[in-house]
Amino acid sequence: MTGAIDGFDPAFFGISPREAAALDPQQRLLLEVGWEALEDAGIPPHVLKGSRAGVFVGATNLDHAALLDRLPPAQQDAYAITGNLLSVLAGRLAYTWGLQGPCMTIDTVCSSSLVAVHLACQSLRAGECELALAGGVNLILAPESMDGVARTQALAPDGRCKTFDALANGFARGEGCGVVALKRLRDARRAGDPIRAVIRGSAVNQDGASTGLTAPNVRAQEAMLRDALANARVAAGDLGFVETHGTGTSLGEPAEVVELRAVLGAPRPDGSNCLLGADKTNLGHLEAAAGIAGLIKAILALQHETIPPNLHFRATNPRIRLEGSALALATARTPWPRGSRPRL
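For the structure given in this document, a descriptive report is provided here. (Residues numbered from 1 in each chain as written. Predicted model: local features only at pLDDT ≥ 70, side-chain atom pairs only at ≥ 80, totals over all residues. Heavy atoms only, no water.)

### Observations concerning the packing of aromatic side chains
Okay, step 1: The tally for this structure, following the rule as stated, stands at six aromatic pairs.
Okay, step 2: Arranged with centres 4.9 Å apart and planes meeting at 65 degrees, the rings of Phe-12 and Trp-35 form a pair that is edge-to-face. Residue Phe-12 is located in the segment before helix 1 (17-22), and its partner Trp-35 is located in helix 2 (residues 25-40); the two are separated by 23 residues in the primary sequence.
Okay, step 3: Phe-12 gets classed as partly exposed once you look at its relative accessible area, which sits at 49%.
Okay, step 4: Residue Trp-35 is classed as partly exposed on the basis of its relative accessible area, which comes to 26%.
Okay, step 5: Among the aromatic residues, those joined into a cluster by ring pairs are Phe-8, Phe-12, Phe-13, Trp-35 and Trp-97.
Okay, step 6: Arg-343 extends its terminal NZ or CZ atom over the ring of Trp-336, reaching a point 5.6 Å from the ring centre. (Phe/Tyr/Trp six-rings, centres within 6.5 Å; stacked < 30°, edge-to-face > 60°. Helix = DSSP H or I, 4+ residues; strand = E, 2+ residues; numbered from the N terminus. Buried < 20%, exposed > 50% of the residue type's maximum accessible area, 1.4 Å probe, protein only. Lys NZ or Arg CZ within 6 Å of the ring centre and 35° of its normal.)

This is the structure:
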C-alpha cells in the first residue's frame, strides 16, 4: 500500500497524497466502510457510475477541522475546506463512485444516522434512487470536544454505559462507522441480492418543548413510536426486540422505558416478552453513528438468531418499572430462532 496513511491508501480511492493529508479521517472511514457495504451486497462500485444511487450520512463531529484551524494559514489550502465540511462526508462517496442520486449529510446529533436511514427509505419509496447507502460516522480527534462533553456531567466516571442499571451514572463516548446498502425489497429479490433484514417502516419527529433542551419529552417519543408502528403496519404486540437509545444516564432510561411501556408494554396473551437491548454497553455512545450501530446489531441478532445481553448490568434502576408489562431486559444471551412468524 504505497503512500498509505494510517492504513488508508488514498490512491485506491483516487485521492492525491496532498489532498489526503488534509482529509478528515471520518471521510476516509466512510469510504472504506461504504466500500465494504457494497462488497457485502455483491455490488461492484464501478457499475454504479452515473446511476441514481443515493448517499445519506449522519455526522456531527468537526474535531479534525478544529485541529487544522490551529495550523498557520500558510499550511492550509483548499483541501482543508473540502476535506472537512460535513456536507462532503456524503459527497465524497458520491464523487468517488460517480453516484448521481440524492446525496446529503444529516446532523441531528445522536439520531443522525437513523434519520439518514429514514430519509434513504423515503427516497427509495419515492423512486428518487434505486440504491441507497445510509449510515453514520463518529471519530473523537480533538481534546476540546471531550472537555466540552465532560462539562455537561453526562459522562460516566468509569467509562462504562451501565444501561438500565441502578448504578447508571452517565455514558462513555465511542467511535465508529456503519453503512448499510438499501434497496426496495422487490428490486433486491429480482437482482438476487443477499437480504440481511427488511426495514418495514420508520418515523421521525422532534421532542419540542420539554424540561430542558437536551431532556426527553415522553409524550413526543410515544407519538413517534406509534407513527413508526403505523408506517410499518406492525402491531405493537408482535415486536420481540427493541434496540434502545440506552445511554446509561439517570434521566434517559426511566423516560425511555415509560414511553416503551406505554406503546409496547401491554401483556400478551401468549406470555411472550419484548426484550430491550443497548449496544452502548458494548461500544459506548457513538453519537452521530449510534443509531446505525444499533441497526446493525439488530440485523446481526436476526442473522445469528440470538439476542446478546447488555453488559455492566447488576440490578435494575429503581426508577424503571417493568413489572406487569411485556417488556424485559436482555440480561442474558437469548435464543431468537426463525419460526412461522416474522421476527420483528
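### Points about the packing of helix 9 (residues 218-232) against helix 10 (residues 252-264)
Okay, step 1: Across the interface, helix 9 lies against helix 10 with an axial gap of 9 Å and an inter-helix angle of 40 degrees. By the angle class used here, helix 9 and helix 10 are oblique. Crossing hand, helix 9 versus helix 10: right-handed. Together, Val-218, Gln-221, Glu-222, Leu-225, Arg-226 and Leu-229 of helix 9 and Ala-255, Val-258, Glu-259, Leu-260, Ala-262, Val-263 and Leu-264 of helix 10 make up the contact between the two elements.
Okay, step 2: For the contact of helix 9 with helix 10, a count of residues per class yields nine nonpolar, one polar and three charged. (Axes fitted to C-alpha atoms, helices over the stretch in contact; angles between N-to-C directions. Parallel < 35°, antiparallel > 145°, perpendicular 65-115°, else oblique. Left-handed = near helix turned anticlockwise from the far one by under 90°. Contact = heavy atoms within 4.5 Å. Nonpolar A, V, L, I, M, F, W, Y, C, P; charged D, E, K, R; others polar.)

### Some words on helix 2
Okay, step 1: Between its terminal C-alpha atoms helix 2 stretches 22 Å, which fits the 22 Å expected from 16 residues at 1.5 Å a residue.
Okay, step 2: Turning to helix 2, its buried residues number three or more, namely Pro-25, Gln-26, Gln-27, Arg-28, Leu-30, Leu-31, Val-33, Gly-34, Ala-37 and Leu-38.
Okay, step 3: In this structure Asp-24 caps helix 2, since a side-chain oxygen of it lies 2.9 Å from the backbone nitrogen of Gln-26.
Okay, step 4: Note on helix 2: the residue one or two positions beyond its end, Gly-42, has a positive phi of about 75 degrees. (Expected span 1.5 Å × (residues − 1). Polar contact = N/O pair within 3.5 Å; in protein donor to acceptor, adjacent residues only side chain to side chain.)

### With respect to the sheet that holds strand 4 (residues 176-182)
Okay, step 1: The four strands lie next to each other as 2-1-3-4, forming an open sheet whose pairing is mixed. Strands with a single pairing partner mark the edges of an open sheet, and in this sheet they are strand 2 (103-106) and strand 4. Across the sheet, the mean angle from the axis of one strand to that of its neighbour is 15 degrees, orientation sign disregarded.
Okay, step 2: Across four bridges, the pairing between strand 1 (residues 53-58) and strand 2 is parallel. Counted as the bridge partner of Val-57 is Thr-105 from strand 2.
Okay, step 3: Lying over the sheet, helix 5 (residues 86-97) contacts strand 1, strand 2 and strand 3 (131-138), oriented at roughly 150 degrees with respect to strand 2.
Okay, step 4: Lying on the sheet, helix 12 (residues 290-304) is in contact with strand 3 and strand 4; it crosses strand 4 at an angle near 60 degrees. (Pairing = 2+ DSSP bridges.)

Any functional reading would require information that these geometric values do not contain.
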